[in-house]
Structure formats: C-alpha cells, structure tokens
Amino acid sequence: KLFAHNLIERLDMGENTTKVGLIRFSKKVDVIEQMTFDQAGLLTKLDAISFPQSTTSTSLAFSMALDVLKAGGRKEVEKSKTIVFFVTDGKPNNAEASDKMAESVRAGARLVVVPVGTGMGAAGLEQMMSWATFPPEENVLQAPSFEALPTKISNFIADLCPDLTCRETSVE
C-alpha cells in the first residue's frame, strides 16, 4: 500500500496530464476508483483499503482494467502513453485466460507488469514477461518483496516517466 501511495503521490494528475484508476484483486476483483484526476481522493481511498491474501484472479483483473479504461480513459491519449501498471505476487488462477486478457490489454495500452517476490516461480515469472508490452526488459519491473517496493519507486519512475508526467523528487 505504501508503494502505491508513494507512486500516486509522485504523479502529476490533472486534466492535461495524468488520470488514474485503482483496482484491487485477489480472489475477488474490486474497482476502488474509476479513472480520476482527483489525486487526494484517490489517495484517501487507497489508504482506507486492505489487501487480502488469497488466490490471484489475474484474468479478471485485466478484464476490469480494460473496463475501467473504456469507461473513463482519455480517448485522445495514444496507446503508448496509456499505461496499465499491474502489481502481483502470485500465479494466476487461470493461466490461459490471463494470457488472452493480457493480449487484450496490450491492444489498448502499454502493460507494465511488476512481479513481487518469488511466489509465482520461474514459470510464472516467464509468463508475466510474456504479458508485458514488448520489450519486457522495459515493461517488467521486479521487486523482491512488498516491503522492497517503496525503495523501487525512483527506478520505476525513471522507466515510466517518458510516458507519464511525474515529479522526479518526493519526500520519501
């Protein structure tokens, strides 16, 4: 949660810059916030939620991300600047469905995958590399643990900021 909070804080959100939606997924998939320019409101909602530890409904999360983008994304923003930032620590419940939905996400946005830890195993990590927009070296951003994620924000910002409007500094 600290990672997501700090990342959202670093984004320059507004009518002419960045719009963000937030989805939580585990066994269930919940839209926490539709696409919004309201950074303070988004952070308040993020701070109020918990993150359940259960199975990983990856394909449903990808599908929900597409729905959120279609409902509130900015159509005038080109595909390469529309980013789905996908953070997960587990193998998908349905690998085949996840592969297909990742392909659908990539058709409309840049898919950046953030595998956390080693719970997905080598085969799972390889699958996640295939989900990300090509080249995976630029679109798979790994972290050894959830605790380590906040220390990775500067690196992630450096990788994403050609496509997002971000502040390079924060009060970390």
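Just above, that's the structure.
Every chain's residues receive numbers from 1 upward, in the order its sequence appears when written. Selection of residues for local features in this predicted model requires a pLDDT of at least 70, selection of side-chain atom pairs for listing and counting requires 80 or more, and totals for whole chains, interfaces and linings are taken over all residues. Working from all heavy atoms in the structure, the side-chain values ignore hydrogens and water.

(A) Structural context of unusual backbone geometry. Cis geometry is adopted by the peptide bond preceding proline 135, which originates at phenylalanine 134 and carries an omega value of 0 degrees. Only DSSP runs of H or I reaching four residues or more are called helices, and only runs of E reaching two or more are called strands; each is numbered from the N terminus. Within the element layout of this structure, proline 135 appears in the loop between helix H5 (121-131) and helix H6 (136-139).

(B) The arrangement of the packing of helix H1 (residues 2-10) against helix H7 (residues 153-160) in detail. Think of each axis as a best-fit line through the C-alpha atoms, taken over the contacting stretch in the case of a helix, with angles from 0 to 180 degrees between the N-to-C directions. H7 packs onto H1 with a crossing angle of 45 degrees between their chain directions and a minimal axis gap of 11 Å. Put simply, H1 runs oblique to H7. Judged by the twist between their axes, the crossing of H1 over H7 is right-handed. Contacts between H1 and H7 pair Phe3, Asn6, Leu7 and Arg10 from the former with Ile153, Ser154, Phe156 and Ile157 from the latter. Oblique is the label for every angle not falling under 35 degrees (roughly parallel), over 145 degrees (roughly antiparallel), or within 65 to 115 degrees (roughly perpendicular). For any helix crossing, the convention is left-handed if the near helix is rotated counterclockwise from the far helix by under a right angle, and right-handed if that rotation is clockwise. Throughout, a residue-residue contact means that at least one pair of heavy atoms, one from each residue, lies within 4.5 Å.

(C) Just the packing of helix H4 (residues 95-108) against H5, in detail. Two elements in contact, H4 and H5, have axes whose closest approach is 9 Å; the angle formed by their N-to-C orientations is 25 degrees. The angle between H4 and H5 falls in the class roughly parallel. Each of Ala95, Ser98, Asp99, Ala102 and Arg106 in H4 lies in contact with H5, whose residues at this interface are Gln127, Ser130 and Trp131.

(D) Region of the structure containing the pattern of salt bridges. We count a salt bridge whenever a side-chain nitrogen from Lys or Arg sits within 4 Å of a carboxyl oxygen from Asp or Glu. The tally for this structure, following the rule as stated, stands at four salt bridges. The closest approach of N and O atoms between lysine 28 and aspartate 30, which form a salt bridge, is 3.9 Å. Each residue is placed in one exposure class: buried if its accessible area under a 1.4 Å probe, protein chains only, is under 20% of its type's maximum, exposed if it is over 50%, and partly exposed if it falls in between. Residue class for lysine 28 comes out exposed when judged on its relative accessible area of 58%. Among the residues examined, aspartate 30 registers a relative accessible area of 19% and is labelled buried. Put simply, lysine 100 and glutamate 96 hold a salt bridge, and the shortest N to O gap is 3.4 Å. With lysine 100 and glutamate 96 both in helix H4, this residue pair falls four residues apart, about one helical turn. By the burial criterion, lysine 100 is exposed, and glutamate 96 matches it.

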